[in-house]
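# Examination of the molecular architecture
Given next are the chains, with one letter for each unit.
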Amino acid sequence: PQNVLLVLSDDMGVDMLHVYGVGTDVALTPNLDALARDGVTFRNVWANAVCSPTRATLLTGRYPLRTGIGRNLALENAHEFTLDASAFTLPRMLDARSAHGYAHAAIGKWHLSSASTHPNDLGFAHYAGPLLNLGDVGVPPGNPYFSYTKTVDGRAQHATKYATTDQVDDALKWIGAQSGPWFLYLAFNAPHVPLHAPPAALHSNKALVSRTADNRRECYKAMIEAMDSEFGRLLAGLPQAALEHTTILFMADNGTPDDMILAPFDAERGKGSVYEEGIHVPLIVRSPLVKRPGSFCEA
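Attention here is on the structure that accompanies the text.

The rules we used
Residues numbered from 1 in each chain as written. Predicted model: local features only at pLDDT ≥ 70, side-chain atom pairs only at ≥ 80, totals over all residues. Heavy atoms only, no water. Helix = DSSP H or I, 4+ residues; strand = E, 2+ residues; numbered from the N terminus. Buried < 20%, exposed > 50% of the residue type's maximum accessible area, 1.4 Å probe, protein only. Contact = heavy atoms within 4.5 Å. Areas by Shrake-Rupley, 256 points an atom, 1.4 Å probe, with all protein chains shown as cover. Lys, Arg positive; Asp, Glu negative; His and termini not counted. Charge placed at Lys NZ, Arg CZ, Asp CG, Glu CD. Phe/Tyr/Trp six-rings, centres within 6.5 Å; stacked < 30°, edge-to-face > 60°. Lys NZ or Arg CZ within 6 Å of the ring centre and 35° of its normal. Salt bridge = Lys/Arg side-chain N within 4 Å of Asp/Glu carboxyl O. Axes fitted to C-alpha atoms, helices over the stretch in contact; angles between N-to-C directions. Parallel < 35°, antiparallel > 145°, perpendicular 65-115°, else oblique. Nonpolar A, V, L, I, M, F, W, Y, C, P; charged D, E, K, R; others polar. Left-handed = near helix turned anticlockwise from the far one by under 90°. Pairing = 2+ DSSP bridges.

A few words on the overall build of the chain. Helix and strand counts for the chain come out as nine helices and 10 strands. Seen through its principal axes, the chain has C-alpha atoms that stretch 50 × 45 × 35 Å. Counting the 299 residues in the chain, one finds 54% classified as buried. Counted over contacts in the chain with a minimum sequence separation of 6, partners at least 24 positions apart contribute 69%. Total accessible area on the chain is roughly 12,700 Å²; 55% of this is exposed by carbon and sulfur atoms. Between the mean site of the 24 positive side-chain charges and the mean site of the 30 negative ones, the chain shows a separation of 5 Å.

Spelled out as structure tokens, the structure:
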């Protein structure tokens, strides 16, 4: 049986990845480029226009309005828009339909409820991460990527390690504890706002010296590069024997935010709209089952 690693980035359309060849000012993503060279890049993938509906669809296989998640969750409406705990989710499917005894976990941004036990209530045996978005930009040390509430299997705790790094640490720790086949849903908060300068070791733009640097687009690109760096660390940390039996899927939950969009795309038709740049997202799959590495799929 294949291990399955499903990785989700937050707020990043096809215009921000070099492999798609449509953006004019893309982030440096050598690890995702390598993933594409070794796998299949899908050109014709469409998500919902904002975060929560895509996540509900991804975990249930149902249209978002059938899940009750028709818009984004926030603290003020989480009681109103919560994915029902009885939903038939990917971990429940594995428990019910697979004879291989899959272990399963969700790590990172949840955004389907503010209830601390919700990921576990939906069938995941383990969860660690921020339940909702990390919040608005503040002044150091108030930037939420460096100081936030992290929930671990229903227990809230204060975390200060950079969120993207912390999520990969949690993923490696969990994978390292597995002895059989596993499914891991790793949902990065990056590059969702608040925009900021990530730790310097994770990106190449050394001009960004402040956590709340003013150059928003350069921060956005640096956050994507930092996510790519940590994604590379995750793959490098997997035992070779595990990699040989692991299918890796990388995708995004919606398109690029308006203020990050450059020509030839229309900056008024990004995230939140159902125009192309709001819903056209990347999907790259690398697997021992891929027969033509480096290929593109138009399906």
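Still more to cover.
Our focus in this paragraph is the packing of aromatic side chains. Pairs of aromatic rings are described using the distance from one ring centre to the other and the angle between the two planes. Counting across every chain of the model gives eight aromatic pairs. A centroid spacing of 6.0 Å and a plane angle of 90° characterise the contact between tryptophan 110 and phenylalanine 124, whose relative ring orientation is edge-to-face. Taken together, the residues tryptophan 110 in the loop between β3 (103-108) and α5 (118-121) and phenylalanine 124 in the loop between α5 and β4 (127-129) connect sequence positions 14 residues apart. Each of the two residues, tryptophan 110 as well as phenylalanine 124, counts as buried. An angle of 35° between the planes, with centres 5.1 Å apart, marks the rings of phenylalanine 146 and tyrosine 162 as tilted. Taken together, the positions of phenylalanine 146 in the loop between β4 and β5 (148-152) and tyrosine 162 in the loop between β6 (155-159) and α6 (163-176) put the pair 16 residues apart, joining distant regions of the chain. Like phenylalanine 146, the residue tyrosine 162 is buried in the burial classification. Through a chain of ring-to-ring contacts, three or more aromatic side chains come together here, namely Trp110, Phe124, Tyr127, Phe183 and Tyr185. Taking NZ or CZ as reference, arginine 43 lies 4.0 Å from the ring centre of phenylalanine 296, over its face.

We now examine the pattern of salt bridges. Per the stated rule, a full pass over the model turns up 16 salt bridges. Between aspartate 166 and lysine 150 there is a salt bridge; the shortest N-O distance is 2.9 Å. Of this pair, aspartate 166 sits in helix α6 while lysine 150 sits in strand β5, and the two are 16 residues apart along the sequence. We classify aspartate 166 as buried; its relative accessible area is 9%.

We now examine the packing of helix α1 (residues 30-38) against helix α7 (residues 216-237). With their axes 7 Å apart at the nearest point, α1 and α7 run at an angle of 55° to one another. On the basis of the axis angle, α1 is oblique to α7. Contacts from Pro30, Asn31, Leu32 and Leu35 in α1 reach Asp228, Ser229, Phe231, Gly232 and Leu235 in α7. Of the residues contributing to the contact of α1 with α7, the split by class is five nonpolar, three polar and one charged.

Another point: the packing of α6 against α7. Between α6 and α7, the least distance of the axes is 9 Å, while the angle of their chain directions is 15°. Comparing the axis directions of α6 and α7 gives the class roughly parallel. When you trace α6 past α7, the crossing you get is right-handed. Taken together, the residues of α7 that come into contact with α6 (itself represented by Thr164, Thr165, Val168, Asp169, Ala171, Leu172 and Ile175) are Ala226, Met227, Glu230, Arg233, Leu234 and Gly237.

In this section: the sheet that holds strand β2 (residues 40-42). Ordered in space as β6-β5-β4-β3-β7-β1-β8-β9-β2-β10, the 10 strands form an open sheet in which the pairing is mixed. Across the chains shown, the open sheet's two edge strands, defined by having one partner strand only, are β6 and β10 (295-297). Strand after strand, the sheet turns through a mean of 15° between neighbouring axes, direction not considered. Note that β2 and β10 share three bridges and pair parallel. Along β10, the bridge assignment pairs phenylalanine 42 with cysteine 297.

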